[in-house]
Every structure is written in C-alpha cells, then in structure tokens.
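Close look at the chain arrangement
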Amino acid sequence: MERPVCGVRLSLKQRYFLLICVAAAVIVAYQFTRSSSEVRKMNHVEGLRANSSQFTLEGAPFRILGGSIHYFRVPRAYWEDRLLKMKACGLNTLTTYVPWNLHEPERGVFRFDDELDLEAYLRLAASLGLWVILRPGPYICAEWDLGGLPSWLLRDQNMRLRTTYSGFTDAVNSFFDQLIKKVVPHQYSNGGPIIAVQVENEYGSYAKDEDYMPFIKEALLLRGITELLLTSDNKDGLKLGGVKGALETINFQKLNPGDIKYLEEIQPQKPKMVMEYWSGWFDLWGGLHHVYSAEDMTPVVTEILKQDMSINLYMFHGGTNFGFMSGAFAVGIPAPKPMVTSYDYDAPLSEDGDYTTKYHNLRSLFSHYHTQPLPGLPPIQKKRAYQPVIVQHHLSLWDSLQFTDKPFKSERPVNMENLPVNNNNGQSYGYTLYETAITSGGLLNSQNNIRDRALVFVNRQYVGILDYKVQELPVADGKGSRTLSLLVENCGRVNYGKTLDEQRKGLVGDILLNKHPLRDFIIYSLDMKPDFINRLERSGHWLPMRQKPSFPGFFQARLSVRGPRKDTFITFPGWGKGAVFINNKNLGRYWSIGPQQTLYLPNAWLYRDNQARGKGTTPSLTLHQRWSKCMVMRCGSWNGTMRSANNTIKNT
C-alpha cells in the first residue's frame, strides 16, 4: 500500500521524483553555503597596507589600537577573560610574542600544546573579533630568560646569537619550519586574524651583523608569510634595526616630538606606529616597584592618537613569569640584576586581571574612536584569602639528591648548559650542585665565575654566599678530607643588551682555594622539572615538622579549598628565598628582599577538597618552600606558615 505523505498518497514514480527534488535541494543548499563561506573568505582580499600616511585594511583607513597579552604568561583558562577585557577597553588588535625556549625546550623537541597552543590562542582572538600582530622572534626580549632563545644554543662555545653564524641560523630554520607552518593558515589572506608579522625584535640595539635582518625576513617569506612586515626599535635603534620591505615602528614611554619627526624622515608618507608604548615597567629583585601613573600615561596616549598614529600598549596585561622564566637586566650596571616573578608591569589590566585607573581612562579615551558603544565590562575574578598554610613535612636537599638523575663526574667545573643531561641538551633552569673534596681551610675565591648565586657548605654545614658582589669567602680549617658543596642558582639570563652570548650559568670557570683551582667535581642537576617534583612527592622520606628541618630543604604544606575556587596570592612572612610549586605547577621564585612580596595563584591551578586528588599540597625548595598540594624550596630560618591573601602584590 502507498503510504500517505502529508495526507497525500504518492505513486512510486512520484516518490522517486520527490526524492530527486530533495537531493537537488540539498546540493543547492550546500553549494550556497560553500559559496557564502568562500565569499566570507574572499572578503579578506586586501590586508593591512602601509602605502600612505595611514594604514588601510580592505582599502579603507584603519588605525591599530593594540595591546600586548602574552599567552605564555597567562593560564589558558584565563585567555578568554583577558581578551574580552581587551575588547571591552576599545582595542582592536592583539599583539603577542612567541617564546622559542618554551616551544623547543630541547633541540628538535617541539611543544605547541596546552598552555603553548598558539593556534588555539589565534583562533580565540579571531572568534572575539580581534586582529593579531604576531612577533615570532626568534629573539623577543620581553624580560624573558635569554630573550626567549633556548639555552641549549649556548652549548656551542663559538655561538654568536642573533647573527648569521651557521650554528644559530640552522637552529632558527629548524624552529621556523615548525612554527610558521602553524601560523600561515591564520593569516588575514587565509581568512585568519593575523594582519602583520614583526621581523625579529629591537635589532637596532644589538646590530652585530648587517646580514641578519635580511636573513630573518627571508626566513619568514620563504615559509609563506604574506602579511605586512614590521620592525620595532627605540629611537636610537631605528638607525640600524630596519630591513628593506618592512615598515619601521618606534618604542617609547615619553613622547618626544623629535623622535616622531625622525621616524617621518626615514620613511616619509608611511603610517606612524608606536609598537611598544610602555604602559609601565618591569621590576628587579632588590629594587623598587615601578609605578607609571595614569595621570602621566593618559595625556601621552591622547597625544599619540591626536597625531593620527597607531599604538600598541606594551603591556596591556602583563601576567606572570611562572617558573624560572624571568630574565635579568644588565645594561649600564656592574652585574646583572634578576627580574621578579610578577610581570604585572603596572599595566592597565593587573597581573590577576583586575581593572585599574589606567584601564578606565583608556576605555573612555578609545571609546571616541569607535562608532558603536563598547562592549560591557566582563566581571572581575573574585579573590579569596584562604586560611594560613601550615607546613607539615620537610625533606633536606641532601636527602633529595637520590631522586635526581645520575650525577656527573668532571675534573673541572662544567656550566649548566654543557652538562650531559636532558638528552644532551644541558640544564636550562633551576639549581646545580657542585661537590668536591678539600683537605684544608683557607680563602675561597670565585674569580667571578659563579652564575649567579651560590650557597657554600662544608660537610653540609652552611658557610656563606658567593655571588657577583661577594667573591671571596673564608673556610675554617678542619680535620681530614671534607666535602665542599656549592649550590648554584641560575637567577635568570639577561634578556636585553649585547651580552647574550655570555649567559651560561652555574660554574663558568675555576674556583680557587688558597689560589689553587679546585678539581674532581661531582655535579647534580636540580632543574626542578615535574618528574623530579613527582618523585619527591611520592617518596617516603618526608619527615614531620616536629623533627628540626635543615636547610636548604623542601617543605610540604596543604592548602584546603572548600567551595568555589578563587584566585589568591601567597605571602611568605619570615621566609627567605626559594621557589613554590602548587599541584605540580611552578609558581615561580620568591625572595624576601622584594619588591615583590606575594606570588599570584590562579584558581584554575587549585583543587577543591572534594576533587579526586584531594587537598592541595606544596613542596617548595626553600632557599627557601610547595602543597592545594604545596611544595617549597628554602634556606634560612622561618616561622612555619605561608598565608594567602586577596590583595594585589605588596611592594616595599
């Protein structure tokens, strides 16, 4: 029997006809949808151009209102929150660096997953309607260890970074082979958000090889970069940092009419852009916290816009130098000074994503450059001051050595980068322990070969510190053969200036005792990688706090998180120096000398008490303490507690 369709009985012939019509309709709909998609892509016909005094995009005048947010300084769970706040401030363009040292931690081993998923970050920006200026380096500066260059490059004793030395260019080519193929699909010409790509970074302040910038430009072009190319330098660097075929942009904080005039003179009838308008500044351990007031900043940004210039706020949101990734500053001072863990930068959006007076001033200013009202302000992340964290267990550094990789024996000292560890890529970060036998006391002289700071022990009893300032230390006489130990901390490699080739860490030369060089070392690599931290946590060697701890040491604590997780800050009253790990995440270094007095702990890295892994613990090496699970590494006396607070960074 023929079945009725919508109340009408159809013959077999009619049913076939109907089926053909439906199929034809589906094909037409598919073609229409595909055509619409192609039309949308074809709408990206003419990308960002710099052929006159104004940028154009699709042939129409376009002003870049940009801001820098580095994906590698923000927990992935907060990427969208930070970009939405950028959009709500009236910015239309996101700029970000790409850190080579994170993406290729060992030669030939590439990471683009989890917190390093650059493509996910680019897709997110596109979905929120933000354009992107990509700054892929290979050198990025950024107050980041070695300016983003991987430390394994320094295994080559002849290495000349940021030149056309073959050892460097071969490594760059290998990295760009992996990186650029991920970037190309996200270019404007391919329907993506990338409207411009920067060639290297501030090369005019380095300028050791006139063939280097053309090499980097060609390395980008040969791999498929088709968008507008830019360079970025301060006023002095403009003289040497440009490359033919790339628009030069300028970096500054205070507006100097002479600098703008010079930019116009070297490239007349071109758009003017401040690639880095420094909205604040970085902090150094032992220094003061830098503040660049909203009252000083706002008039400068206003004037830049009045002069029809484009602008990128560096930083719009700084984030955090998690782990051991902060760099060091060495320009115009006798010895390098390491950067703090926080990269708050006194930016418009604070380290933990809160609005500031700068943010509100900028939002009001940028609103005048939009024809439509700006989006509403996203809610801020709530903070919480948890109960004090009580340290429960400890493990001495000496007892932890059994959980390191096999120590290395060497007649002479070997710097971190040349140790035969990490698949012969050397040690990049953390601490290195050098031990040798001595048969007398006397005067220990580092000859300034310690990079950067060493705790000195004899038979595992603390003697003192050697660093850039203190290069001699008396060692008391004793009976027979004794063990001299130097626990050397890499406090961060210089990220800017002309000493990049000299950033090897650990012991970089001979150490003298009574003018005789020490020999026959046993060397332990303590890079604090997750597998080592996991081995420590699982060990049964932890002792209760009723047994007196020794230093340096690891300390475990437990942070109880009941109810919704919220951001917090950890403070360390009475602690000295060290690093903190929460649930296997390295929050970074703390140091009582300030100015930073708290470490930012994002709620995404906490576990609630009723979650599968239970309460958090923290081992930290206290040099000083780690447990939701908290571990810390530390040296020195202490009061046994860590506290969380819902305030922002305290500075002295």
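Below you will find a few notes about this structure. (Residues numbered from 1 in each chain as written. Predicted model: local features only at pLDDT ≥ 70, side-chain atom pairs only at ≥ 80, totals over all residues. Heavy atoms only, no water.)

A short note on the overall build of the protein
A tally of regular secondary structure across the protein gives 11 helices and 37 strands. Sorting the 652 residues of the protein into buried and exposed places 58% on the buried side. Carbon and sulfur atoms make up 52% of the accessible area of the protein, which totals about 26800 Å². (Helix = DSSP H or I, 4+ residues; strand = E, 2+ residues; numbered from the N terminus. Buried < 20%, exposed > 50% of the residue type's maximum accessible area, 1.4 Å probe, protein only. Areas by Shrake-Rupley, 256 points an atom, 1.4 Å probe, with all protein chains shown as cover.)

Comments concerning the side chain of His394
Along the polypeptide, His394 turns up in strand β16 (residues 389-396). A distance of 2.6 Å separates a polar side-chain atom of His394 from the backbone oxygen of Gln547. Those residues in contact with His394 that sit more than four places away from it in its chain are His541, Trp542, Leu543, Pro544, Met545, Gln547, Lys548, Pro549, Phe554 and Phe555. (Polar contact = N/O pair within 3.5 Å; in protein donor to acceptor, adjacent residues only side chain to side chain. Contact = heavy atoms within 4.5 Å.)

Some words on the side chain of Asp344
Tracing the sequence through the fold places Asp344 in the loop between β15 (337-338) and α9 (357-366). Put simply, Asp344 is tucked away with no salt bridge, and the nearest opposite charge, on Lys358, sits 7.7 Å away. (Lys, Arg positive; Asp, Glu negative; His and termini not counted. Salt bridge = Lys/Arg side-chain N within 4 Å of Asp/Glu carboxyl O.)

Some words on the packing of aromatic side chains
Within the structure shown, the criterion is met by 36 aromatic pairs. A centroid spacing of 6.1 Å and a plane angle of 90° characterise the contact between Trp100 and Trp152, whose relative ring orientation is edge-to-face. Of this pair, Trp100 sits in helix α3 (residues 100-103) while Trp152 is found in the loop between β8 (131-135) and α5 (166-183), placing the two residues 52 residues apart along the sequence. A single burial state applies to Trp100 and to Trp152, both of which are buried. With a centroid separation of 6.5 Å and 75° between ring planes, the pair formed by Phe572 and Trp575 is classed as edge-to-face. Take Phe572: its relative accessible area is 9%, and that puts it in the buried class. Across the ring face of Tyr206, the terminal group of Arg162 is positioned such that the distance to the ring centre comes to 4.5 Å. When the ring centre of Trp591 is taken as reference, the NZ or CZ atom of Lys577 above it lies at 4.5 Å. (Phe/Tyr/Trp six-rings, centres within 6.5 Å; stacked < 30°, edge-to-face > 60°. Lys NZ or Arg CZ within 6 Å of the ring centre and 35° of its normal.)

With respect to the pattern of salt bridges
Taken as a whole and judged by the stated rule, the model has 21 salt bridges. Between Arg493 and Asp145 there is a salt bridge; the shortest N-O distance is 3.0 Å. Here the residue Arg493 occupies a position in the loop between β24 (482-489) and β25 (506-507), and Asp145 occupies one in the loop between β8 and α5, the gap between them amounting to 348 residues. For the pair formed by Arg493 and Asp145, the shared burial category is buried. Between Glu489 and Lys577 there is a salt bridge; the shortest N-O distance is 2.6 Å. Taken as a pair, Glu489 in strand β24 and Lys577 in strand β32 (residues 577-582) lie far apart in primary sequence, 88 residues in all.

So, the sheet that holds strand β19 (residues 442-445)
Strands in a sheet are paired, the pairing made by backbone hydrogen bonds, and the direction either parallel or antiparallel. Strands sit in the order β23-β19-β26-β27 across an open sheet of four strands; the sheet is antiparallel. Lying at the two open borders of the sheet, with one neighbouring strand each, are β23 (472-475) and β27 (516-517). For β19 and strand β26 (residues 512-513), the ladder comprises two bridges, and the chain directions are antiparallel. Each bridged residue has a counterpart across the sheet, and for Asn445 the counterpart in β26 is Leu512. (Pairing = 2+ DSSP bridges.)

Some thoughts on the packing of helix α2 (residues 79-88) against helix α4 (residues 118-127)
Contact pair α2 / α4: the axes reach a minimum separation of 10 Å and the direction vectors enclose 35°. The two elements α2 and α4 cross, and the hand of that crossing is right-handed. Within the contact between the two elements, α2 uses Trp79, Glu80 and Leu83 and α4 uses Ala120, Tyr121, Leu124 and Ala125. Here the residues of the contact of α2 with α4 sort into six nonpolar, no polar and one charged. (Axes fitted to C-alpha atoms, helices over the stretch in contact; angles between N-to-C directions. Left-handed = near helix turned anticlockwise from the far one by under 90°. Nonpolar A, V, L, I, M, F, W, Y, C, P; charged D, E, K, R; others polar.)

Looking at the sheet that holds strand β5 (residues 60-61)
Strands sit in the order β3-β4-β5 across an open sheet of three strands; the sheet is antiparallel. The strands lining the two open edges of the sheet, one partner per strand, are β3 (48-49) and β5.

Purely geometric numbers; function is a separate question.
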